[in-house]
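# Structural features, examined
Here are the chains, one letter per residue:
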Amino acid sequence: MENIGKCEKNGIFGNGWRWVKEMSKRTQRKIVDVGMKTKKLGQEDPRRATHSLKVGLTLTIVSLFYYFQTTYDSFGVYAMWAIMTVVVVFEFSVGATIGKGLNRGLATLVAGALGVGAHHLASISGNIGEPIILGVFVFLQAAISTFVRFFPKVKARYDYGLLVFILTFALVSVSGFRLDVYGILDFAHKRLSTIIIGALACAIISIFVCPVWAGEDLHNLVAINMEKLGSFLEGFGEEYFRTSKEDESNNGKPIFQGYKSVLHSKASEETLANFARWEPAHGHFMYRHPWKQYLKVGELTRQCAYRIEALNGYLNSDIQVPPKVLETIKDTYTKISVESGKAMKELALAIKTTTRRPSANSHVENLKIESKNLKSLLNSGIWEETDLLKMMPVATVASLLLDIAICVEDIAESVHELASLAHFKSVDLKLNKENSKLEKCGVVKLPGKIDDCPQVAIAIDG
């Protein structure tokens, strides 16, 4: 019996020890996993770590209003409103922070004034009628303000302000029922003052300490999306006519997968454009910069990406048309895809550098010529001796390429309009007729050391 008892104890202790060891290993794995995810998150965008430090710094500075006796005597416990403002107002970008700060400040000012007015009107009706009148005012403003929030434009820019308006009006008007007029004015004044202090602290730190501009992010996002489509189109012709398609699938090539992120970029672009409207002039971006035009370019880019998604489905398909027809269409298909890709890349570079690039126009003109050639080829009767079912995939690719060419032309027109509205600089390259000598040099030499190479004059206007 004693041996049986010892075995049971050993079994219990053994199972417990194994459970402890297993839990220890799981904890270690989770800690390592969290550490790896944290490192990856910081490496993807180092600005996230900087933003976290900025929030901590702002919160520490605003907390001094509560710590110092002088400021505490002025604001009392209302100083906590400044701290709360920092917590809810400080956002990742400058535009988002300023937008929230202005929404909160203006909503508090207007709601506070209306709340004091509502309290005064309700107090005239006597002790019995006062709570009824206040209840009616609170109900009406809450119902109307909540309904107004459903308007898309209001929701996009002023949703947070309306929430603060509802809260502040209710606080001021309802709390005024137990306070005299001086008490309610003091409450409204201190709440507004501390909110302004918190919002100003957020705006100053956000603008002057490692600023993150939503407008710049939108600018780069639109350019990068166009560049991704350009990379796909440049490589499409060669990949489509590659003979040994079994060896390597396009799914493993990043240039043929980048377009997928463009398909879902609408929400990000609209959010960034909304935040950018709140930002002051900075860098290349002037006051009242044409952010709506970026949305137009982004929308056209997405329409092009949808056609590219359809085109991507034919990359790994077998071309079953006769070799003679294949040789006839190969050159035209490849040229139109390459010219489309080069045009998109030049337009993307024009946006990135905020310059007008004449080379983009030349690629668009070449694209128009190749589109006409493709249409002529389709109408030339080369398909007459080809099986209809075998011909359809190749004809569909031709149709998609023509649609993409039209999209590229629309994008080019939209980018030119953006360049005009945003006052992009003009870059004119004046080359003399000896282009062969320039190509032979291969490198740019310092003035005075050029032997046979012609000079290149770069004139920047605007």
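Structure's up top.
Along each chain, numbering runs from 1 in the same order as the chain's sequence is written. Selection of residues for local features in this predicted model requires a pLDDT of at least 70, selection of side-chain atom pairs for listing and counting requires 80 or more, and totals for whole chains, interfaces and linings are taken over all residues. In computing side-chain values, all of the structure's heavy atoms are included and hydrogens and water are not.

With that settled, consider the overall build of the protein. Strands here mean DSSP runs of E at least two residues long; helices mean DSSP runs of H or I at least four residues long; both are numbered from the N terminus. Each helix and strand in the protein was counted, giving 16 helices and three strands. Evaluated residue by residue, the protein yields a buried proportion of 38% over its 462 residues. Partitioning the contacts of the protein with sequence separation of at least 6, the portion at a separation of at least 24 is 80%. Here the term buried applies to any residue with accessible area under 20% of the maximum for its type, exposed to any over 50%, and partly exposed to those in between, with areas from a 1.4 Å probe on protein chains only. Any two residues whose heavy atoms approach within 4.5 Å at even a single point are treated as in contact.

Attention shifts here to the pattern of salt bridges. Whenever Lys or Arg places a side-chain nitrogen within 4 Å of a carboxyl oxygen from Asp or Glu, that contact is recorded as a salt bridge. Considering all chains together, one arrives at 18 salt bridges under this definition. Between Glu-227 and Lys-352 there is a salt bridge, and its shortest N-O distance comes to 2.9 Å. Of this pair, Glu-227 sits in helix H9 (residues 214-240) while Lys-352 sits in helix H13 (residues 323-353), and the two are 125 residues apart along the sequence. By relative accessible area, Glu-227 is classed as partly exposed at 30%. In this structure Lys-352 comes out as partly exposed when scored by relative accessible area, which is 39%. Between Glu-269 and Arg-302 there is a salt bridge, and its shortest N-O distance comes to 2.9 Å. One end of the pair, Glu-269, is in helix H11 (residues 266-276); the other, Arg-302, is in helix H12 (residues 291-312), and 33 residues separate them in sequence. One salt-bridge network, in which partners are shared between bridges, spans Glu-22, Arg-26 and Arg-29.

With that settled, the discussion passes to helix H5 (residues 94-124). One less than the number of residues in a helix, times 1.5 Å, gives the span that helix is expected to have. Between its first and last C-alpha atoms H5 spans 45 Å; for 31 residues at 1.5 Å apiece the expected length is 45 Å, and the two agree. Just beyond H5, the residue with positive phi is Gly-126, at close to 95 degrees.

Attention now moves to the nonpolar core. What is meant by a nonpolar core is a set of buried Ala, Val, Leu, Ile, Met, Phe, Trp, Tyr and Cys residues, joined one to another through side-chain atoms within 4.5 Å. One finds Met-226, Phe-232, Tyr-333 and Ile-351 to be the most contacted residues of the largest nonpolar core, which totals 59 residues. Elements with a minimum of two residues in this core: H9, helix H10 (259-263), H11, H12, H13, helix H14 (358-378) and helix H15 (388-421). Here this core takes 15 residues from H15, the largest share from any one element. Non-local contacts of Phe-232, meaning those with residues more than four positions away in its chain, are made with Ile-255, Phe-256, Tyr-259, Ile-308, Leu-311, Asn-312 and Leu-315. Ile-83, Phe-90, Ala-201 and Cys-202 belong to the second-largest nonpolar core, a separate cluster that totals 17 residues.

When two rings of Phe, Tyr or Trp (its six-membered ring) have centres within 6.5 Å they constitute a pair, described as stacked for plane angles under 30 degrees, edge-to-face for angles over 60, and tilted for the intermediate range. For the coordinates displayed, the defined rule picks out nine aromatic pairs. Each ring, one from Phe-147 and one from Phe-151, has its centre 6.1 Å from the other, and the planes form 90 degrees; the classification is edge-to-face. With centroids separated by 5.6 Å and ring planes inclined at 70 degrees, the aromatic side chains of Phe-232 and Tyr-259 adopt a geometry described as edge-to-face. Residue Phe-232 is located in helix H9, and its partner Tyr-259 is located in helix H10; the two are separated by 27 residues in the primary sequence. Judged by its relative accessible area of 0%, Phe-232 falls in the buried class. For Tyr-259, a relative accessible area of 3% puts it in the buried group. Put simply, the rings of Phe-232, Phe-236, Tyr-240, Phe-256 and Tyr-259 pair up and form one aromatic cluster.

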